[in-house]
Amino acid sequence: MAVEMNRLHVAFACLGVAFLLIFSWVLFHEGTAEWRTTQARFRRFETTVKNPHQLAQSAGVAGLRQIWLPDLGRVDRCVTCHLGIDDPAFAGAQQPFEAHPGTWLTTHPIEKFGCTACHDGQGQATDYRSAAHRPLPFVLRPMRPLETIEATCGTCHRSLDPPDAPRLAEGRRLIVESGCFSCHEIPGFEGLTFRGPALDSLGYKVRPEWLPLWLRDPKSYLTRSKMGNFRLSPGEIAGLQAFLLSQRASAPLDSTDIEWARADSANGRALFGELRCVSCHSVNGRGGTMGPELTRIGDKVRRDWLFSYLKDPHRVQPDTPMLQYRLTDGQLRDLTAFLLEEYRSPETGPEPPRVTYQDARLVTSGQAVFERRGCPSCHRLTAIKDPGRIGPSLAGIADRDPDELPYGRNVVRHTTDNYIFLKVLLPDALAQPSSMPTFGFTPAEAAKIALALASVRKADLPASYVLRRPVPPPYRPAGTFGELVARYRCLSCHSVGGYGGSLSTVPLDRIGSQLQHDYLTGYLLNPGAVRVSVEARMPVFHMLPAEARTIADYLSTVFLDDSLERYDTSFTAADRRRGQELYGQLGCQACHQVGSRGGYVGPDLSGTGARLKPGWIAAWLLHPQVQKPGTLQPDYGLSAADAGALTAYLGSLGSGGGPREREAAP
Amino acid sequence: VKPSVVKLGVVKLGIGLLLMGVLSTGCRSGPRPAPGDPLLDAIRADERGANLSLSESQGKRLFAQYCATCHGDEGRGDGQNASNLSPPPPDLTTATGRDTAYIRKVIAEGSAATGRSALSPPWGHSLSLQEVDALVAFCESLGRHKS
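Only a predicted model underlies this, so the values are computations on that prediction, with no experimental measurement involved.

Visitor: Talk me through the overall build of chain A; I want residue IDs and the actual numbers.
Guide: Counting secondary structure elements, chain A contains 29 helices and 8 strands. The C-alpha atoms of chain A give 33 Å as radius of gyration, which overshoots the globular expectation for 666 residues (26 Å, by more than 25%). With the C-alpha coordinates aligned to their principal axes, the bounding extent of chain A is approximately 130 × 85 × 40 Å. When the 666 residues of chain A are sorted by exposure, 47% land in the buried category.

Take a look at the structure:
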C-alpha cells in the first residue's frame, strides 16, 4: 500500500514539473512571438523617424491589431506588423514598416478594403511565414506578386476597361476580340456577341483550294487570324471542305455584264485609298483591325463574289460592321480588280471552276465535324441550329482546387493561375484530350487573358463593392435616318448612349451641339482629316447630297445637349483678345495648329468658328475627360471666364487662321 | 533468449533497412526540377525586358500614350511633334537635379508651374493619382537606364 502511495506521489510530482515546464514555455513563446518583437522593433524605429512632437501625438502600438470586414468575410491582421502602412512618415522605410507606396490607400481606404482583398494571403496569420507572403503548401491563395495583382482588381472592377489595371484591361480586350464567350460562359461578359462570317454561301465565296489550307492552320493565311487552329485530321478537313463548299444559299449579284478586260486597277488603287479601307482593314501589317486583313485576299475569294460583296455586303453578311458604299459598277469593277491583282501570292493561279461534291457521305461527315467542334458557336449557318455553348462554363474558375487540375508534363507550381495560363497558351499540352482550338496567343497575351480569368471568382461580393460593366441599350433608329445609319454602318465606329464602336473620336450623343450644321453636311460628303496624326479616318462614302442633308438635319435636331445650346455667346472684342493671350500662355500651340503654325497632335483649329459650336468649345475646355474619357486634351482646370474667353477667340478663327469674316446679320 | 531468435531479429532488421534504402533511392532517382511559375515568367519577360519595376512599366505605357508625341518614346526629346515646339522638349535621359517632387510638379501642374515655357500641359486634372505616380516613376527611371 505504502509502495503504491509512493508511486503516485512520484507520478504527481513529475506531472507537476511537466505542467510547470509547459506553462513557462507557453509564456516564453507568447512573450517572444514574432509580432511582439516586430512591434518592439517598430517602437525603436519610430523614434528615429519622427521628432518628439510627432511621437507625442502618435498612438503607440501594443497588442494584436486587425481589420475586420464582415461584408467580405475577412479578418486582416497584417497591420499588426505593417505598422506604418498608412502613415506618410514611413514612406520608403524598411519593411515591414514601409508606408503603402503610391496613392492606392487614398482610393482604397484600408478600413473598407483591408489588405487581402487586393493582395491575397492569409490575413489572420500573425507571423511572416504563415501569412503566406511566399507560396506555402496547402495555402490556396498565397500573396500575389505585383505582376499578377491586377487579377484581384478585376474581382470588383468589372468593366472592360478597368482603371489603372492595363494588363487586366488588355486581357479582357483579348477575350472580347477572340470571342472566348462564344464557347464558354464567362461571368462579366454577358450579352456580348462574337461573330465570324456567316457561311451560308461559302460555296460561292472562296476558291476551293484555299479552304483546306485555312482549316489546317488559319495563321498560315492570316497571321492575326481570330480563328484558332482546331488541329483537324486530313479526313476531317476533307469532310468540312465538302460540307462547306456545298453551302450555296444565295448566288452573288449578277456581274455577267461587267467587262473585266476594261478594269482599271490604277483607278481601283485610288479608290482603295479614298474609301479609307485601311481604317478597318490592314494590308502588309498596317491598318485597322475591325475587318479582316486583306494582304492575301486574292488567294482566297472569287471575283464575282467580291464584286457582289463590295456592292452589297449586308445581303450575305447581315451582321458585318462593313458599310455599303455608293459606288458605280465601273468603280466596283476597278476596285475588285485592284484588290485581286495587288493582294495575292505570285504562285496563285487563275480562278478554278466551282466544285460540286457528289459524295453525300463526305458531306454528312463534314457536317458532323462542323457540329462536333462547335463551329456554329461563331459561324451562322441556316442549315444548322445553334447548339449553344460547347465549352465548359468558366464561372468561378479562379476558385477551382489547383491540385485537382491537370498540368500535363509541365513542371509548374500547382495554382489555378498557372493552369489557366497553360490552357490558354497550349490547350492540348495538358494531360487530357481537349477540343479547344490553339489560338496561337503569345505567352504575354496568354498571361493577360489568364489574369482576366483569374478574377472570375465563385462567391460574389456585396453589391457595394462591385463596379459593374455598363451594358448600354442597343440603339436602332427608325425611318430614313435609320436606313442610312444601317447602310453606312455609322455605329461600327461611332457610339450613341454608349452603344456602338469606339474607333471615332467622340460619341455622337451631342454631336448636334458640337458641330455646325453646314460643316456636318460638308464633312459627310467629303470627310477630311481633322487630326492629321490619326491613321483611322472616316471613309468617303460617295453619299448622295440629299443623304448627307438628311443625316446632318437629324443630328442637328435630335443629338443636342440643351445646356450647350443655351451657352451665352455675347462676346466682346476684349474677350477675344484675352482668349488669344490665354491660347499662348497655356501652350495650346504645342498641339494645335492655327493658320499652319503649331503642333499636330490635336485637331487643326483654323476655321474652328465654322466647325464647332461655342457651347461645346467651352464645355470641352472645362472638362475634356467628361466629354471623351481618355482624350489627350489636358484638363487645365480653367475658370468659366477663361474658358469663355478662349471660346470667343477660337470661335472667331476663320479657315486661314485669321479672324473670321462676320456673317451678315439675317 | 535463444541466439537463433536474436539472429532472426538481426536478419529482419537488415532486410528492413535494405528495403527502405532501395525504396528511398527509387523515389529520388535524380534531382527534381523546381516547379516553375510560367504565368509570372511570361509577364516578367514581357514587361521587365527593359529592367523596369512594375510601376515604371505602367508609367511607360502612359508615357507612350500621353507624352511620347513630343518627348519621344525613350524621353530623348525626339517625338514626332517635337519639331513644332519652341523651346524644344528636353532630353529627359540626361536631365539632372530633378527630384521626385519637381517631376511630379511638372507632370501634374505643367511646365509653366516651374517657371518654364507653357508647352508641356498640366495633367493633374486629367490623370488619376496612380497614373501620375506611375509617370513620375517612369521619368525617374529614364536617367538610370541611359547607359
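Now that the structure has been shown, we can carry on.
Visitor: Could you give me a rundown of the overall build of chain B, with the residues and numbers involved?
Guide: Secondary structure assignment for chain B yields 5 helices and 0 strands. The order of helices and strands in chain B, counted from the N terminus, is α-α-α-α-α. Taking all 147 residues of chain B together, the buried fraction comes to 37%. A fraction of 47% describes how many contacts in chain B between residues 6 or more apart in sequence connect residues 24 or more apart. If you sum the accessible surface of chain B, you get close to 8800 Å²; carbon and sulfur atoms cover 60% of it.

Visitor: Explain the packing of aromatic side chains to me, and be specific about the residues and the numbers.
Guide: All names here are of chain A. This model, assessed by the stated rule, comprises 28 aromatic pairs over all chains. Both rings, one in Trp-214 and one in Tyr-221, keep their centres 6.0 Å apart while their planes meet at 80 degrees; by these two values the pair is edge-to-face. Ring centres of Phe-481 and Tyr-554 lie 3.7 Å apart, and the angle between their planes is 10 degrees; on these two criteria the pair is classed as stacked. Note that Phe-481 is positioned in helix H20 (residues 479-487) and Tyr-554 in helix H23 (residues 545-558), a separation of 73 residues in sequence.

Visitor: So what's going on with the confidence of the model for chain A? Which residues, and what values?
Guide: Mean pLDDT over chain A works out to 89, with 97% of the residues at or above the 70 mark. Confidence drops under pLDDT 50 across residues 661-666 of chain A; counting only partners more than four residues distant or on other chains, this segment forms 0 contacts.

Visitor: Just give me the short version of unusual backbone geometry, but keep the residues and values in it.
Guide: Here the bond from Gln95(A) into Pro96(A) is cis, since omega is 5 degrees, no more than 30 degrees from zero. With omega at 0 degrees, the peptide bond leading from Ser86(B) into Pro87(B) counts as cis. Phi at Arg276(A) is positive, roughly 60 degrees, even though this residue is not glycine. Examined against the element boundaries, Arg276(A) turns out to sit in the loop between helix H13 (265-274) and strand E3 (282-283).

Visitor: Any chance you could break down the nonpolar core for me, citing the residues and the numbers?
Guide: All names here are of chain A. Grouped together as the largest cluster of nonpolar side chains are 94 residues, with contacts concentrated most on Phe-272, Leu-335, Leu-339, Phe-370, Tyr-583 and Leu-650. Counting residues per element, this core draws most heavily on helix H12 (residues 234-245), at 6 residues. If we skip the residues at most four places from it in the chain, Leu-650 touches Tyr-583, Leu-605, Thr-608, Gly-609, Ile-617 and Leu-621. With 38 residues, the next largest nonpolar core counts Ala-151, Cys-180, Phe-189 and Phe-421 among its residues.

Visitor: Tell me what's going on with the pattern of salt bridges, and back it up with residues and numbers.
Guide: Taken as a whole and assessed by the stated rule, the structure comprises 34 salt bridges over all chains. For the salt bridge of Lys105(B) with Glu109(B), the shortest nitrogen-to-oxygen distance reads 3.3 Å. Of this pair, Lys105(B) and Glu109(B) both sit in helix H4 (residues 100-109), 4 residues apart, roughly one helical turn. Looking at Lys105(B), the relative accessible area reads 34%, which means it is partly exposed. On the basis of relative accessible area, Glu109(B) is assigned to the partly exposed category, the value being 44%. Linked through salt bridges whose partners overlap, the residues forming this network are Asp120(A), Arg141(A), Arg144(A), Asp399(A), Asp417(A) and Arg457(A).

Visitor: How would you explain the packing of helix H27 (residues 614-622) of chain A against helix H29 (residues 640-651) of chain A if you had to name every residue and give the values?
Guide: All names here are of chain A. At a closest axis distance of 9 Å, the pairing of H27 and H29 adopts a crossing angle of 135 degrees. Comparing the axis directions of H27 and H29 gives the class oblique. Considering the relative orientation of H27 and H29, their crossing is right-handed. Across the interface between the two elements, Pro-614, Ile-617, Ala-618, Leu-621 and Leu-622 of H27 pack against Ala-640, Ala-643, Leu-646, Thr-647, Leu-650 and Gly-651 of H29.

Visitor: Can you break down the interface of chain B and chain A residue by residue, with the values?
Guide: Contact with chain B, which involves 36 residues of that partner, is made by 46 residues of chain A. Here chain B and chain A share an interface that buries about 3400 Å² over both sides, 60% of which is from carbon and sulfur atoms. Summed over the shared surface of chain B and chain A, the number is 3 salt bridges. Joining chain B to chain A, the criterion identifies 17 residue pairs in polar contact (both at pLDDT 80 or more). Elements with a minimum of two residues in the side of chain B that touches chain A: helix H2 (38-47), helix H3 (54-71) and helix H5 (129-144) of chain B.

Visitor: Outline helix H16 (residues 329-342) of chain A, supporting the account with residue identities and numerical values.
Guide: Residues and elements named next belong to chain A. Here H16 is 14 residues long and its end C-alpha atoms lie 20 Å apart, about the 20 Å a rise of 1.5 Å per residue gives. Counting buried positions along H16 yields 10 of 14 residues, so the element is predominantly enclosed. Of all the residues in H16, the buried ones are Gln-331, Leu-332, Arg-333, Asp-334, Leu-335, Thr-336, Ala-337, Phe-338, Leu-339 and Leu-340. Packed against the buried residues of H16 are H13 and helix H14 (303-311).

Visitor: A description of the environment of Ala452(A) should follow, citing residues and the corresponding values.
Guide: Residue and element names in this part refer to chain A. Positionally, Ala-452 belongs in helix H19 (residues 443-453). In this structure, the C-alpha to C-alpha distance between Ala-452 and Ser-563, residues 111 residues apart in sequence, is 40 Å. Other than its neighbours up to four places away in sequence, Ala-452 contacts Leu-168, Gly-171, Arg-172 and Ile-175.

Visitor: Residues and numbers for the environment of Gly599(A), please.
Guide: Mapping Gly599(A) onto the fold places it in the loop between strand E8 (597-598) and helix H26 (608-611). In this structure Gly599(A) comes out as buried when scored by relative accessible area, which is 0%. Sequence separation of Gly599(A) and Gln585(A) is 14 residues, and the distance between their C-alpha atoms is 15 Å. Non-local contacts of Gly599(A), meaning those with residues more than four positions away in its chain, are made with Gln589(A), Ala590(A), Cys591(A), His592(A), Gln593(A), Asn81(B) and Asn84(B).

Visitor: Give a description of the confidence of the model for chain B that names residues and reports values.
Guide: All names here are of chain B. Summarising the model, chain B shows a mean pLDDT of 81, and 82% of its residues fall at 70 or more. Looking over chain B, one finds the lowest element-wise mean pLDDT in helix H1 (residues 3-27), namely 68, and the highest in H4, namely 91. On the interface metric, ipTM, the complex scores 0.79, and its pTM is 0.85.

The rules behind these values
Residues numbered from 1 in each chain as written. Chains lettered and ligands numbered in written order. Predicted model: local features only at pLDDT ≥ 70, side-chain atom pairs only at ≥ 80, totals over all residues. Heavy atoms only, no water. Helix = DSSP H or I, 4+ residues; strand = E, 2+ residues; numbered from the N terminus. Rg over C-alpha atoms; globule rule 2.2 N^0.38 Å. Buried < 20%, exposed > 50% of the residue type's maximum accessible area, 1.4 Å probe, protein only. Contact = heavy atoms within 4.5 Å. Areas by Shrake-Rupley, 256 points an atom, 1.4 Å probe, with all protein chains shown as cover. Phe/Tyr/Trp six-rings, centres within 6.5 Å; stacked < 30°, edge-to-face > 60°. pLDDT = per-residue confidence, 0-100. Core = buried A, V, L, I, M, F, W, Y, C linked by side-chain atoms within 4.5 Å. Salt bridge = Lys/Arg side-chain N within 4 Å of Asp/Glu carboxyl O. Axes fitted to C-alpha atoms, helices over the stretch in contact; angles between N-to-C directions. Parallel < 35°, antiparallel > 145°, perpendicular 65-115°, else oblique. Left-handed = near helix turned anticlockwise from the far one by under 90°. Buried area = accessible area lost by both parts, 1.4 Å probe. Polar contact = N/O pair within 3.5 Å; in protein donor to acceptor, adjacent residues only side chain to side chain. Expected span 1.5 Å × (residues − 1).

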